[in-house]
Amino acid sequence: MYYVSRIAGVMALAALAAAGWFAVRLAQADALFRGQTPEAVARASDLMPWNTEYLSFRALQMEYSGEDSTALLERIAALNPLASAPRIRLGLAAEVRGDFSGAQTWLLAAARVDRQFEPRWTLANYYFRRADRGEFWKWMRLALEVSYGDRAPAFDLCWRTSDDPQEILASAIPDRHEVVAAYLSYLLVSRRLAAALPVSLRLAANHSDLSVLLAACEAFLDARDARSAAECWRAERESFGDIAGHGFDWRPAEVPGVSHIVLDGRRARRVVLNGRQPESTELLRKILNFRPGARCLLQWETRTQGLGADSGVEWSVSGQHTRLPSDENWRVGKLVFTARGELQDLVLSYRRPAGQPRAEGYVEIRDVSIGEVK
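Residues numbered from 1 in each chain as written. Predicted model: local features only at pLDDT ≥ 70, side-chain atom pairs only at ≥ 80, totals over all residues. Heavy atoms only, no water.

A. Broad picture of the nonpolar core. One finds Met140, Ile173, Tyr183, Leu184, Leu187, Phe220 and Phe248 to be the most contacted residues of the largest nonpolar core, which totals 60 residues. Here phenylalanine 248 is in contact with Leu221, Ala229, Ala230, Trp233, Lys286, Ile287, Asn289 and Leu343, once residues within four sequence places are set aside. Within the second largest apolar cluster, 28 residues are counted, among which are Val255, Leu284, Cys296 and Leu348. (Core = buried A, V, L, I, M, F, W, Y, C linked by side-chain atoms within 4.5 Å. Buried < 20%, exposed > 50% of the residue type's maximum accessible area, 1.4 Å probe, protein only. Contact = heavy atoms within 4.5 Å.)

B. Looking closely at the packing of aromatic side chains. Inspection of the entire model under this criterion finds twelve aromatic pairs. Here tryptophan 233 and phenylalanine 248 contribute two aromatic rings whose centre-to-centre distance is 6.4 Å and whose plane-to-plane angle is 65°, an arrangement assigned as edge-to-face. Of the two residues, tryptophan 233 sits in helix 14 (residues 226-240) while phenylalanine 248 sits in the loop between helix 14 and strand 1 (251-252), which places them 15 residues apart along the sequence. The exposure class assigned to phenylalanine 248 is buried, which follows from its relative accessible area of 12%. Where tryptophan 300 meets tryptophan 315, the ring centres are 6.0 Å apart and the plane angle is 65°; that geometry is what we call edge-to-face. With a gap of 15 residues between them, tryptophan 300 in strand 5 (residues 295-305) and tryptophan 315 in strand 6 (residues 313-317) connect regions that are remote in the sequence. There is no split in this pair, since tryptophan 300 and tryptophan 315 are both buried. When the ring centre of tryptophan 159 is taken as origin, the NZ or CZ atom of arginine 192, which lies over that ring, is 4.6 Å away. (Phe/Tyr/Trp six-rings, centres within 6.5 Å; stacked < 30°, edge-to-face > 60°. Helix = DSSP H or I, 4+ residues; strand = E, 2+ residues; numbered from the N terminus. Lys NZ or Arg CZ within 6 Å of the ring centre and 35° of its normal.)

C. Representation of the sheet that holds strand 8 (residues 331-338) within the structure. The five strands are arranged 2-3-10-5-8 in an open sheet whose pairing can be described as antiparallel. A single partner strand is all that each edge strand has here, and the edge strands are strand 2 (258-263) and strand 8. Taking each pair of neighbouring strands and ignoring which way they run, the sheet shows an average axis angle of 25°. Two elements, strand 5 and strand 10 (residues 360-372), share nine bridges in a ladder whose sense is antiparallel. Following the sheet pairing, glutamate 301 is matched in strand 10 by arginine 366. (Pairing = 2+ DSSP bridges. Axes fitted to C-alpha atoms, helices over the stretch in contact; angles between N-to-C directions.)

D. Broad picture of helix 14. For helix 14, with 15 residues, the first-to-last C-alpha span of 21 Å sits near the 21 Å given by 1.5 Å per residue. The elements touched by buried residues of helix 14 are helix 12 (196-205), helix 13 (210-222), strand 4 (280-289) and strand 9 (343-351). Glycine 241 sits one or two residues past helix 14 and shows a positive phi near 85°. (Expected span 1.5 Å × (residues − 1).)

E. Local environment of unusual backbone geometry. We note that arginine 224 has phi near 60°; this positive angle belongs to a residue other than glycine. Looking at where arginine 224 falls in the secondary structure, it is placed in the loop between helix 13 and helix 14. With phi around 50°, aspartate 367 is a residue other than glycine that occupies positive phi space. In this fold, aspartate 367 is placed in strand 10. A relative accessible area of 31% means that aspartate 367 is categorised as partly exposed.

Read these as geometric descriptors, not functional statements.
Right, dumping it as structure tokens:
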């Protein structure tokens, strides 16, 4: 037992000595590494040849000074079989040297060990530079499937590869609503409205991101693109139901002294004037979609409360105007007009009649209908 205890003691002392030696060596390496000079980092790497942080920084220093860091990066890759960063650096370095086979091998290896955005994005850029469209679309789509943050650089690269919106949408944009919404926003900001309708319809089918869809519909209307606006609006309503205040719905004017009340399940509307509204102001607007040159009929019922003999309230559309009567009983009104274009603005407005104070009361309208007539 005495000899066994003695051996155990010797082994414990040896372990303590080894631990102490390692701690000293680790402290020396750490102190050298914090010096950040190429010589100090190289010495730290020699003391701790398995420390990939030291090796990576040393490789970066070598690259900055024009030295070949390939061997060092290969050692890092061997020490970290699941790390994509050294493999990406090896691939890009091989590409710079003109070793395209080696570059592809390393970059594909990075994508195998790491299924996140960076390796896939790097491959998409590599195949873009190699003008390999098939592989570019494959890796761009895979990158966007796991993308996050600002995706505009990816969409820019797609449009640098092709100016065909259908090819980009089919080949690069995955059916992930965050990506589709980001792509639609990108198209709106970059004013590529001709490409935006199919993206809007795909997004609407996902029943998500209504705010982006509304922005798309407004952009189509601003561009006077009646067909795209109508299709986008229809898809939005199918997915989200009635959407008040946007697209082809009634648009109440936000004017001081004017308030709006929806009545009878949206069958009727009341516009209240408190006497402090501007002397001339828009009250309501609705965008209409008709065939240019079509003969159209606007019908409504209206009544007023507290307005003067001349209500000062009128409809206007396609250059036609008609005054609403001042009457506390419901009155039927009609206006025939010819559509001057596909999109026409129907406007309800107020103008203070000469010799009268500003109106203080309200006007109600209900059962408004607009259609073509023969």
